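# Chain and residue survey
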Amino acid sequence: MKELNRYHGVVVPMVTPVTKDGDIDTDAVKRIINNFADNHVSALLMGTTGEGNSVSAEQGVKMIEAATQAADGRITIYTGLTGNCISEQMQTAEKFIRAGADVIAATLPCYYALTPEQMYKYYVELADAVTVPLMLYNITITTHMSIPLDVIEKLSHHPNIVGLKDSENDLGRMERALQMFAGRDDFAYFCGCAANSARALALGADGIVPSVGNYLPKIYNDLYVAGVNGDTVLANELQARTIEIGRINTDGLTLGQSLAGLKVIMKMAGLCETYMLPPLTELDGDTVKRIQMQAKEIIM
């Protein structure tokens, strides 16, 4: 069995449940967090799946407080940090930390294309400023930039930078990254592309970050346990099954629409409502019916 880094396991990029008027649905937050804790998976609040760019700092504080209250120390609460105004990001990070965030996971500011030197400087200044551990968050589909591996390697030696969530769907990059970081006890690698989870674990990844875990946390915890124990047959079987399930709310839809589809399934599971934060919207009736029909057997 792989020796576990302090930061490891399944970290589900949690949806942000909201009420019809756009407020944080704290009762739903607690239901989801309790389901995570019961199935031994942690939570990433306000990442891409959690509509992080649409959540205000005040809403974020409310969500973190509800999540940490429900978690009661049973799981780690990772909290996403996004934005383009660095001074506001610093202030928001401190609000999130006071609300109970265990780890801050920060994406790149993405209005301007950044040089590698600017990426490095941004993360160093952020890591120096925040009072909890910082995780790098690479997600090209939204930032339209890739943090180079040599920049990540330099950052990995900062005493307050504890890991990388890499959501770039590039197997070659993932393999190179794990050659660099697998086995490090001071820097964790989390695979943020759920379809590559089994392969990442076989190569020594510390954790996986699957959105389907919002309503099926157990299957991903089983996949993770199989992967770290070297049971590649079972891990690959579960991987194939999760890829099939994941298509229900992604096929033919944009990223934003797929998040609305995820909430449709979450409502079927009794976890939250389908309301979205602007600019995202709920799905049309025909798409909702298609998702409900395909997900019915899985939820039952």
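This section reports on the structure supplied with the text. (Residues numbered from 1 in each chain as written. Predicted model: local features only at pLDDT ≥ 70, side-chain atom pairs only at ≥ 80, totals over all residues. Heavy atoms only, no water.)

### Some points on the overall build of the protein
For clarity, the cut-off: Runs of E in the DSSP output that reach at least two residues are strands. Runs of H or I that reach at least four are helices, and both are numbered from the N terminus. The quantity called the radius of gyration is restricted to C-alpha atoms. Its globule counterpart is 2.2 Å times the number of residues to the power 0.38. The rule is simple: take the accessible area with a 1.4 Å probe, protein chains only, and divide by the maximum for that residue type; under 20% is buried, over 50% is exposed, in between is partly exposed. We call two residues contacting when some pair of their heavy atoms lies within 4.5 Å. Under the counting rule used here, the positive set is Lys and Arg, the negative set is Asp and Glu, and His together with the chain ends is not counted. By convention, the charge on Lys lies at NZ, on Arg at CZ, on Asp at CG and on Glu at CD.
Helices and strands together make up the secondary structure of the protein, namely 12 helices and 8 strands. Scaling as 2.2 N^0.38, a compact globule of 300 residues should have a C-alpha radius of gyration of about 19 Å, and the protein matches this with 18 Å. In terms of overall dimensions, the protein has a C-alpha envelope of 50 × 45 × 35 Å along the principal axes. With 300 residues in all, the protein has 55% of them scored as buried. For the protein, the share of sequence-separated contacts (at least 6 apart) that also reach a separation of at least 24 residues comes to 73%. Side chains of the protein carry 24 positive and 35 negative charges; the gap between the two charge centres is 3 Å.

### Quick look at helix α9 (residues 217-228)
Under the convention used in this document: For a helix, the expected span equals 1.5 Å multiplied by the residue count minus one.
Taking 1.5 Å of rise per residue, 12 residues should cover 16 Å, and α9 covers 17 Å from first to last C-alpha, within 8% of that figure. In terms of burial, α9 is a largely internal element, 9 of the 12 residues being buried. Looking only at α9, the buried set comprises P217, I219, Y220, N221, L223, Y224, A226, G227 and V228. Those residues of α9 that are buried are in contact with β1 (9-13), α1 (26-38), α8 (197-202), β8 (207-208) and α10 (232-246). A positive phi of about 80 degrees marks G230, the residue just after α9.

### Looking at the pattern of salt bridges
To keep it simple, the criterion reads: We define a salt bridge as a side-chain nitrogen of Lys or Arg found within 4 Å of a carboxyl oxygen belonging to Asp or Glu.
Following the criterion strictly, the structure yields 12 salt bridges and no others. The shortest N-O distance in the salt bridge between K121 and E125 comes to 2.5 Å. Placement of both K121 and E125 in helix α4 (residues 116-129) is noted, with a separation of 4 residues, approximately one turn of the helix. The salt bridge involving R199 is made with E175; its shortest N-O contact spans 3.3 Å. Of this pair, R199 sits in helix α8 while E175 sits in helix α7 (residues 171-181), placing them 24 residues apart in sequence. Here E175 falls in the partly exposed class, since its relative accessible area comes to 28%. Connected through shared salt-bridge partners, D166, E168 and R173 make up one network.

### What about the environment of R6?
Our working rule: Under this definition, polar contacts are N or O atom pairs within 3.5 Å; protein pairs additionally need one hydrogen-donor-capable and one acceptor-capable atom, and for neighbouring residues in sequence, both atoms have to be side-chain atoms.
Looking at the element boundaries, R6 is found in the segment before β1. Within the structure, the side chain of R6 is placed 3.5 Å from the side chain of Y7, a separation counted as a polar contact.

### A few points about the packing of aromatic side chains
Counted only if it meets this: Any pair of Phe, Tyr and Trp rings, taking the six-membered ring for Trp, is counted once the centres come within 6.5 Å. Such a pair is stacked with planes under 30 degrees apart, edge-to-face with planes over 60 apart, and tilted for the rest. Geometrically, a lysine NZ or arginine CZ counts as sitting over a ring once it is within 6 Å of the ring centre and also within 35 degrees of the ring normal.
All chains considered together, the criterion is met by 4 aromatic pairs. Where Y78 meets F190, the ring centres are 6.1 Å apart and the plane angle is 65 degrees; that geometry is what we call edge-to-face. Taken together, the residues span a long stretch of sequence, with Y78 in strand β3 (residues 77-81) and F190 in strand β7 (residues 188-191) at a distance of 112 residues. Judged by relative accessible area, which is 3%, Y78 ranks as buried. F190 gets classed as buried once you look at its relative accessible area, which sits at 1%. Consider the rings of Y111 and Y112, whose centres lie 5.0 Å apart with planes at 85 degrees: the pair is edge-to-face. Positioned above the aromatic ring of Y120, the side-chain terminus of K154 is 4.2 Å from the ring centre.

### Overview of the environment of I298
Within the element layout of this structure, I298 appears in helix α12 (residues 285-299). Sequence spacing of I298 and L216 is 82 residues, and the spatial spacing of their C-alpha atoms is 9.1 Å. Not counting residues within four places of it along the chain, the set of residues in contact with I298 comprises Y215, L216, R241, I245 and I248.

### Observations regarding unusual backbone geometry
Following P278, the chain continues into P279 via a peptide bond in cis, with omega recorded as 15 degrees. Inspection of the secondary structure assignment puts P279 in the loop between α11 (255-268) and α12. Non-glycine residue M46 carries a positive phi angle of around 60 degrees. With respect to the helices and strands, the residue M46 is situated in the loop between β2 (42-45) and α2 (57-71).

Everything listed here is a matter of geometry and, on its own, says nothing about what the molecule does.
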